[in-house]
Amino acid sequence: QVQLVESGGGLVQAGGSLRLSCAASGRTFSRYPMAWFRQAPGKEREFVAAIDRSGGGAYYADSVKGRFTISRDNAKNTVDLQMNSLKPEDTAVYYCATGPILVVRTTPESYNAWGQGTQVTVSS
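Residues numbered from 1 in each chain as written. Predicted model: local features only at pLDDT ≥ 70, side-chain atom pairs only at ≥ 80, totals over all residues. Heavy atoms only, no water.

(A) Quick peek at the overall build of the protein. When helices and strands are tallied, the protein shows zero helices and eleven strands. Ordering the α and β elements of the protein from the N terminus gives β-β-β-β-β-β-β-β-β-β-β. Taking 2.2 N^0.38 as the reference for a compact globule, 124 residues should give roughly 14 Å; the C-alpha atoms of the protein span a radius of gyration of 13 Å, in line with that estimate. Its C-alpha atoms give the protein principal-axis dimensions of about 40 × 30 × 25 Å. For the protein, buried positions account for 44% of its 124 residues. Total accessible area computed for the protein in this model is approximately 6400 Å², and 47% of it derives from carbon and sulfur atoms. Averaging the positions of the 13 positive and the 10 negative side-chain charges in the protein gives two centres separated by 6 Å. (Helix = DSSP H or I, 4+ residues; strand = E, 2+ residues; numbered from the N terminus. Rg over C-alpha atoms; globule rule 2.2 N^0.38 Å. Buried < 20%, exposed > 50% of the residue type's maximum accessible area, 1.4 Å probe, protein only. Areas by Shrake-Rupley, 256 points an atom, 1.4 Å probe, with all protein chains shown as cover. Lys, Arg positive; Asp, Glu negative; His and termini not counted. Charge placed at Lys NZ, Arg CZ, Asp CG, Glu CD.)

(B) Examining unusual backbone geometry more closely. The residue Asn77 is not glycine, and still its phi comes out positive at about 60°. In this fold, Asn77 is placed in the loop between β7 (68-73) and β8 (78-83). Here Ser85, not a glycine, exhibits a phi torsion of approximately 50°, which is positive. For Ser85, the location among the structural elements is in the loop between β8 and β9 (92-98). When its relative accessible area of 40% is taken as the criterion, Ser85 is described as partly exposed.

(C) Spatial organisation of the state of the cysteines. Applying the stated criterion across every chain yields a total of one disulfide. The partner cysteine of Cys22 in its disulfide is Cys96, sulfur to sulfur 2.0 Å. Of note, the bridge from Cys22 to Cys96 carries an S-S torsion of about 50° and is right-handed in sense. Remark: Cys96 occurs in strand β9 and Cys22 occurs in strand β3 (residues 18-25); sequence separation between them is 74 residues. As far as the burial class goes, Cys22 and Cys96 line up, both buried. (Disulfide = S-S within 2.5 Å.)

(D) Structural context of the sheet that holds β7. Read across the open sheet, the four strands follow the order β1-β3-β8-β7; overall the sheet is antiparallel. Each edge of the open sheet is held by one strand with a lone partner, namely β1 (3-7) and β7. Neighbouring strand axes in the sheet, compared pairwise and without regard to direction, differ in orientation by 15° on average. (Pairing = 2+ DSSP bridges. Axes fitted to C-alpha atoms, helices over the stretch in contact; angles between N-to-C directions.)

(E) Seen up close, the pairing of β8. Of all six residues that make up β8, six are buried, and the element is covered over most of its length. Burial along β8 is two-sided: the face carrying Thr78, Asp80 and Gln82 and the face carrying Val79, Leu81 and Met83 are both buried. Pairing of β3 with β8, which is carried by six bridges, proceeds in the antiparallel orientation. The residue bridging Leu18 from the neighbouring strand is Met83, located in β8. Where β7 meets β8, six bridges bridge the pair, whose relative direction is antiparallel. Its bridge partner lying in β8, Ser71 is registered against Asp80. Between the end of β7 and the start of β8, which pair antiparallel, lie four residues, with Asn77 showing a positive phi angle near 60°.

(F) View of the packing of aromatic side chains. Counted by the stated rule, this structure contains five aromatic pairs. Where Phe37 meets Trp114, the ring centres are 5.2 Å apart and the plane angle is 55°; that geometry is what we call tilted. One end of the pair, Phe37, is in strand β4 (residues 34-39); the other, Trp114, is in strand β10 (residues 113-114), and 77 residues separate them in sequence. The exposure class assigned to Phe37 is buried, which follows from its relative accessible area of 0%. Residue Trp114 is classed as partly exposed on the basis of its relative accessible area of 26%. (Phe/Tyr/Trp six-rings, centres within 6.5 Å; stacked < 30°, edge-to-face > 60°.)

Next comes the structure, spelled out in structure tokens:
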């Protein structure tokens, strides 16, 4: 079973940037898509971005399109989320995830391996 560990969260002012990283253990990393989700207090976990197995295809929620960029390095078993022009509504715990799927999915139920999460707080 793959294990995921996120890092890079923190406190930033609106308009600022953060880069999240997710390190994965296990030899199957490059076989499956990777995704980032987030969950704000009192809200359901929501899709943020995902990337296919090769890294050639990326998908984004409308709320982050044009501001966030997902990337992966299969040699290093890492997936990153570059977040620019951050807004207070981006405040949440961010999770990386993967699962035994062949194509990118945007629903949390499609993924069965999750990191512990990293807090992102954007002040106004």
